[in-house]
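If you want the building blocks of each chain, they are given just below.
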Amino acid sequence: RKEVEQDPGPFNVPEGATVAFNCTYSNSASQSFFWYRQDCRKEPKLLMSVYSSGNEDGRFTAQLNRASQYISLLIRDSKLSDSATYLCVVNPNTNAGKSTFGDGTTLTVKP
Amino acid sequence: ETGVTQSPTHLIKTRGQQVTLRCSSQSGHNTVSWYQQALGQGPQFIFQYYREEENGRGNFPPRFSGLQFPNYSSELNVNALELDDSALYLCASSVLGGGTGELFFGEGSRLTVL
């Protein structure tokens, strides 16, 4: 079993749709959590951090459930430019360099 | 742009050869981590360097080795290349101690082993 598991998709949605991605992690001692975005053949870039209280950045909402070891990302009003692979990332401590990545969920937003 | 640069961007090697990949980290960052990303998978942690010493290693054999220099730039060396080493190699810089937890990636070096 992988340490960080994601539904690989692909998710194909029309513009304006709401889409949710899920992620589970196995290390209950994990300390910090993130969503990264990776465009085709590009490097990953931080989308947002994830906090237990939930956090929102525009159309994006991230949520963490420590008891269930579950992380989610909600994208509202999808845009064509949201098409990418979304990577769930978990750190065992505050050392970002030793992050564990999921294999990503691919989203394609269609006109 | 992140300020992390990698070279070369693409290269082709044959089985058994050796390769060196290079990375210049973002100014102000004190750690460099290397990741391997195979097609269709997420990045996998190879190792991290802090203060010119290895500071943690993932599940990779000893033929994967690295260096960090006083200016925080870094090298990844892979000996005795195998076909499965074909992947995108990503360098990421960050701040150990007091950082935000964010990784700043370079654009990667795409290695093909024939």
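Values in this document were obtained by computation on a predicted structure and should not be read as measured data. (Residues numbered from 1 in each chain as written. Chains lettered and ligands numbered in written order. Predicted model: local features only at pLDDT ≥ 70, side-chain atom pairs only at ≥ 80, totals over all residues. Heavy atoms only, no water.)

### As for the packing of aromatic side chains
Any two aromatic rings considered together are summarised by their centre-to-centre distance and by the angle between their planes. Per the stated rule, a full pass over the model turns up twelve aromatic pairs over all chains. Seen in terms of ring centroids, A:Tyr25 and A:Phe33 are 5.0 Å apart; in terms of plane orientation they differ by 45°. Their pairing is tilted. With a relative accessible area of 2%, A:Tyr25 lands in the buried category. Pairwise contacts between aromatic rings join A:Phe34, A:Tyr36, A:Phe101, B:Tyr35, B:Phe45 and B:Phe105 into one cluster. (Phe/Tyr/Trp six-rings, centres within 6.5 Å; stacked < 30°, edge-to-face > 60°. Buried < 20%, exposed > 50% of the residue type's maximum accessible area, 1.4 Å probe, protein only.)

### Here's the deal with the state of the cysteines
Two cysteines joined by a covalent bond between their sulfur atoms form a disulfide. Applying the stated criterion across every chain, the model contains two disulfides over all chains. Paired through a disulfide, A:Cys23 and A:Cys88 show a sulfur-sulfur distance of 2.0 Å. Judged by the sign of its S-S torsion, about -75°, the bond between A:Cys23 and A:Cys88 is left-handed. Of this pair, A:Cys23 sits in strand 3 (residues 19-25) while A:Cys88 sits in strand 9 (residues 84-91); the two residues are 65 residues apart in sequence, bridging distant segments of the chain. On the basis of relative accessibility, which here comes to 0%, the residue A:Cys88 falls in the buried class. Disulfide pairing is shown between B:Cys23 and B:Cys91; the S-S distance is 1.8 Å. Judged by the sign of its S-S torsion, about -60°, the bond between B:Cys23 and B:Cys91 is left-handed. Taken as a pair, B:Cys23 in strand 3 (residues 19-24) and B:Cys91 in strand 9 (residues 87-94) lie far apart in primary sequence, 68 residues in all. Grouping residues by exposure puts B:Cys23 and B:Cys91 together as buried. (Disulfide = S-S within 2.5 Å. Helix = DSSP H or I, 4+ residues; strand = E, 2+ residues; numbered from the N terminus.)

### Structural notes on the nonpolar core
Core analysis: the largest hydrophobic core is formed by 23 residues, its most contacted members being A:Phe21, A:Trp35, A:Ile71, A:Leu73, A:Ile75, A:Tyr86 and A:Leu107. Elements with a contribution of two residues or more to this core: strand 3, strand 4 (32-38), strand 5 (45-50), strand 7 (60-65), strand 8 (70-75), strand 9 and strand 11 (105-110) of chain A. Contact partners of A:Tyr86, with chain neighbours within four places excluded, come to A:Gln6, A:Phe21, A:Trp35, A:Tyr36, A:Arg37, A:Leu47, A:Phe60, A:Leu73, A:Ile75, A:Gly104, A:Thr105 and A:Leu107. B:Trp34, B:Tyr49, B:Phe64 and B:Ala87 belong to the second largest nonpolar core, which has 21 residues in total. (Core = buried A, V, L, I, M, F, W, Y, C linked by side-chain atoms within 4.5 Å. Contact = heavy atoms within 4.5 Å.)

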